[in-house]
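Notes for the structure review
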Amino acid sequence: KRFILPRFDELTKAILQFTTHHMALVRLEVIRLIPKLATRCPGIYRRRYLDQSLTFLIESASSAPPPKSRVDVRPTAFSAIGQLASAMRDEEAGGGDIMGPTVRIMKV
């Protein structure tokens, strides 16, 4: 924990640069790392990286893999969205109930 906190922005920016990498395995690892980063520093992550990360995860979850690809990132992306939502609910870091608006939209 001591290592990552002073370098959180540097590390997060470096990881998010790989969201457009041509190899699916690299993007898969980015998907797996996003919730871990958000859990480590939820407040900073929410303010600086949530929009970009959530857009990437939603696109990954809704895009079928190319025909020649053996890697389907969709199941991991769906899981990462849930883990990210959980990380953003951290009350000590100022998190709120981000599921409330989603549930209201779905009920309408």
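Everything in this summary refers to the structure shown in the same document. Only a predicted model underlies this, so the values are computations on that prediction, with no experimental measurement involved. (Residues numbered from 1 in each chain as written. Predicted model: local features only at pLDDT ≥ 70, side-chain atom pairs only at ≥ 80, totals over all residues. Heavy atoms only, no water.)

1. A word on the packing of helix α2 (residues 24-40) against helix α5 (residues 74-88)
Between two packed helices, the angle of one axis relative to the other and the distance separating the axes together describe the packing. Axis separation between α2 and α5 bottoms out at 8 Å; the angle between their running directions is 10 degrees. What the angle tells us is that α2 and α5 run roughly parallel. Along the contact surface, α2 presents L28, I31, R32, I34, P35, A38 and T39, while α5 presents T76, A77, A80, Q83, L84, A87 and M88. Looking at the contact of α2 with α5 residue by residue, the classes come out as 10 nonpolar, three polar and one charged. (Axes fitted to C-alpha atoms, helices over the stretch in contact; angles between N-to-C directions. Helix = DSSP H or I, 4+ residues; strand = E, 2+ residues; numbered from the N terminus. Parallel < 35°, antiparallel > 145°, perpendicular 65-115°, else oblique. Contact = heavy atoms within 4.5 Å. Nonpolar A, V, L, I, M, F, W, Y, C, P; charged D, E, K, R; others polar.)

2. Focus on the packing of aromatic side chains
Enumeration according to the criterion identifies three aromatic pairs in this entry. An angle of 70 degrees between the planes, with centres 6.4 Å apart, marks the rings of F8 and Y45 as edge-to-face. Within this pair, whereas F8 is found in helix α1 (residues 8-16), its partner Y45 is found in helix α3 (residues 42-48), the two being separated by 37 residues in sequence. An identical accessibility class is assigned to F8 and Y45; each is buried. Between Y45 and Y49 the ring centres are 5.6 Å apart and the planes differ by 50 degrees, which places this aromatic pair in the tilted class. (Phe/Tyr/Trp six-rings, centres within 6.5 Å; stacked < 30°, edge-to-face > 60°. Buried < 20%, exposed > 50% of the residue type's maximum accessible area, 1.4 Å probe, protein only.)

Don't take any of this as a statement about function, it's just geometry.
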